[in-house]
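For reference, the chains in residue letters:
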Amino acid sequence: MIFNWFRKNKKEYPDFWIDYLDSFKAPKKDKVDTTRFVAFDTETTGFDKKNDRILSIGAVSFVGKSIQVKESLELYLEQEVFNPESVKIHGIMKKGSLEKVTELEAIKLFLAYIKDAVLIAHHAYFDKTMVNEMLLRHGLGKLKNEFVDTGYLFNKSKHIIYRESLKEHYTLDDLCKELNVPKVDRHTANGDALITAIIFLKILSRLDKRKSLEWDYLLKA
């Protein structure tokens, strides 16, 4: 009887969430240069994880140094929350000509794109939190992917003699200047995702010269 009670109350998840979880069953790549990475960014109505919403998601994937720009993901979400102040930053209006999807459809497309890739983001905690809140609103679990934060990794990549002059937090604009990366389509999710991917590869190149490309070094926060 106890066994039947547990079976009756077992939560049933939708197929797209099961497919996402199943992607983690494949054997992991043990080398950084053969691992699939996805750099992504979100544009939001604000910074409140409970009350604000994701307006746009941009993502680009890459293995080695080859960024698959033509296969990038760009999503605009229907806006149930509107903050006119944030329009000054990202320029996304509540209505307009952009094709938008529901939040649930965005989740399906995003999870199908990232699968088990190692995710790259600048100030990753924020983007990770906003996506997780979106998943929770639809009764799903949190992201299972490993994360690399380019802001944190940049600080680690600096030679020890420069450590005292480092900032505690670097903006994406700061890293564009430091690493000579053009700010194309800045403050669009897709543009910032591509910039983040290029910054990550430049930092990897710097670390590779020191032979520091072990997973423990990259993923340790």
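- The name an unreviewed UniProt entry gives the protein is 3'-5' exonuclease, with Flavivirga eckloniae as the organism.

## Overview of the environment of Glu78
Right, on to step 1. Position of Glu78 relative to the elements: it lies in the loop between β4 (73-76) and α3 (84-90).
Right, on to step 2. In this structure, the C-alpha to C-alpha distance between Glu78 and Lys94, residues 16 residues apart in sequence, is 7.6 Å.
Right, on to step 3. Residue contacts for Glu78: discarding those within four places in its chain leaves Lys100, Val101 and Thr102.

## Some remarks on helix α5 (residues 124-137)
Right, on to step 1. Between its first and last C-alpha, α5 extends 20 Å over 14 residues, near the 20 Å set by a 1.5 Å rise per residue.
Right, on to step 2. Ala124, Asp127, Thr129, Met130, Val131, Asn132, Glu133, Met134 and Leu135 are the residues of α5 that are buried.
Right, on to step 3. Residues of α5 that are buried make contact with α2 (15-22), β1 (36-44), β2 (54-63), α4 (103-114), β5 (118-121) and β6 (147-149).
Right, on to step 4. After α5 finishes, the residue Gly139 shows a positive phi value of roughly 75°.

## Here we look at the pattern of salt bridges
Right, on to step 1. Under the criterion given, the structure shown has four salt bridges.
Right, on to step 2. The partner of Glu133 in a salt bridge is Lys50, and the shortest N-O contact between them spans 3.2 Å. A residue pair is termed long-range when its members are at least 10 positions apart, and Glu133 in helix α5 and Lys50 in the loop between β1 and β2 qualify at 83 residues.
Right, on to step 3. With a shortest N-O distance of 2.7 Å, Arg137 and Glu103 are connected by a salt bridge. Of this pair, Arg137 sits in helix α5 while Glu103 sits in helix α4; the two residues are 34 residues apart in sequence, bridging distant segments of the chain.
Right, on to step 4. Its relative accessible area of 30% is what places Arg137 among the partly exposed residues.
Right, on to step 5. On the basis of relative accessible area, Glu103 is assigned to the buried category, the value being 11%.

## Looking at the environment of Ser157
Right, on to step 1. Note that Ser157 resides in helix α6 (residues 150-157).
Right, on to step 2. For Ser157, a relative accessible area of 0% corresponds to the buried category.
Right, on to step 3. Put simply, Ser157 and Leu207 are 50 residues apart on the chain and 6.2 Å apart in space, counted from C-alpha to C-alpha.
Right, on to step 4. Polar side-chain contacts of Ser157 include one of 2.7 Å to the backbone oxygen of Phe154.
Right, on to step 5. Here the side chain of Ser157 touches Arg206 through a polar contact of 3.1 Å, side chain to side chain.

## Describing the nonpolar core
Right, on to step 1. The biggest cluster of nonpolar side chains holds 29 residues, and the ones touching the most others in it are Phe40, Phe110, Leu111, Ile114, Val131, Leu135 and Leu143.
Right, on to step 2. If you list the elements that add at least two residues to this core, you get α2, β1, β2, β4, α4, β5 and α5.
Right, on to step 3. Here this core takes six residues from α4, the largest share from any one element.
Right, on to step 4. Those residues in contact with Ile114 that sit more than four places away from it in its chain are Tyr20, Arg36, Val38, Leu119, Leu143 and Asn145.
Right, on to step 5. Counting 26 residues, the second-largest nonpolar core is a separate cluster that includes Phe37, Val148, Ile195 and Leu207.

Criteria and cut-off values
- Each chain has its residues counted from 1, running along the sequence as written.
- Where totals are concerned, whole chains, interfaces and linings use all residues; where local detail is concerned, this predicted model gives features only for residues with pLDDT of at least 70, and gives and counts side-chain atom pairs only at 80 or more.
- Computation of side-chain values: all heavy atoms of the structure, hydrogens and water removed.
- Working definition: helices are DSSP H or I runs of at least four residues, strands are E runs of at least two. Numbering for both runs from the N terminus.
- What makes two residues a contact is simply this: any of their non-hydrogen atoms within 4.5 Å.
- Multiplying 1.5 Å by the helix residue count minus one yields the expected span of that helix.
- Think of it in three bands: residues with accessible area under 20% of the maximum for their type are buried, residues over 50% are exposed, and the middle band is partly exposed, with areas taken using a 1.4 Å probe on protein chains only.
- By salt bridge we mean one thing: a side-chain nitrogen of Lys or Arg within 4 Å of a carboxyl oxygen of Asp or Glu.
- Throughout this description, a polar contact denotes any pair of N or O atoms lying within 3.5 Å of each other; where both atoms belong to protein, one of them has to be capable of donating a hydrogen while the other can accept it, and for residues adjacent in sequence the pair is counted only when both atoms sit in side chains.
- Among buried residues, the Ala, Val, Leu, Ile, Met, Phe, Trp, Tyr and Cys ones that are joined through side-chain atoms within 4.5 Å form a nonpolar core.

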